[in-house]
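Take a look at the letters that make up each chain.
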Amino acid sequence: MLGRLNHVAIAVPDLAAASAVYRDTLGARVTEPQALPEHGVTVVFIDVGNTKIELLEPLGEGSPIAAFLAKSPSGGMHHVCYEVDDILAARDHLKASGARVLGDGNPKTGAHGKPVLFLHPKDFQGTLVELEQA
Ligand code: CO
């Protein structure tokens, strides 16, 4: 079921400042910011060849990363995203295995225009897991 690592996401309090660190200090190419109101975040991606880094900044009231940043004000690793071939089959398999799917259990459209789901961190070694249909 589990495919390749699509990205590692880092929550940041200031997307412009974090993008500047990756661009200027680390010499990486950073995409233009993309607002995702349905997910409550603004994102940029950094392609590092074998995977991507996603930087997330809160967007709007009640952003799902606001509580995370309240606990870790300088930012931190927020989730890992794995690719799956069939997200509905993956969801059904995971639910049958007892894993908790966040939200209403239906995929939303993610930053790459593909269906995504999030899985409860308590079921995955304390790590929030995103699945993206490849
Ligand atoms: Co993500």
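The structure this text deals with has already been given above.
Before going into details, it helps to say that this report is about the structure given with it.

Calculation rules
- Residues numbered from 1 in each chain as written.
- Predicted model: local features only at pLDDT ≥ 70, side-chain atom pairs only at ≥ 80, totals over all residues.
- Heavy atoms only, no water.
- Buried < 20%, exposed > 50% of the residue type's maximum accessible area, 1.4 Å probe, protein only.
- Helix = DSSP H or I, 4+ residues; strand = E, 2+ residues; numbered from the N terminus.
- Pairing = 2+ DSSP bridges.
- Lys, Arg positive; Asp, Glu negative; His and termini not counted.
- Salt bridge = Lys/Arg side-chain N within 4 Å of Asp/Glu carboxyl O.
- Polar contact = N/O pair within 3.5 Å; in protein donor to acceptor, adjacent residues only side chain to side chain.
- Contact = heavy atoms within 4.5 Å.

What to know about the pairing of strand 8 (residues 128-133)
Within strand 8, five of the six residues are buried, which leaves the element mostly enclosed by the surrounding structure. Pairing of strand 5 (residues 76-84) with strand 8, which is carried by six bridges, proceeds in the parallel orientation. Residue pairing in the sheet places V80 in a bridge with V129 of strand 8. Strand direction decides the pairing type here: strand 7 (residues 115-119) and strand 8, joined by four bridges, are antiparallel. The residue of strand 8 that forms the bridge with L117 is L131.

A closer look at the side chain of E132
With respect to the helices and strands, the residue E132 is situated in strand 8. Although E132 lies buried, it forms no salt bridge, and the closest oppositely charged side chain, K114, sits 4.7 Å away as judged by the N-O distance. Among the polar contacts listed, one links the side chain of E132 to the side chain of H112, at a separation of 2.8 Å. In this view, E132 contacts N6, C81, Y82, E83, V84, I87, H112, K114, P115 and V116; residues no more than four positions away in its chain are not counted.

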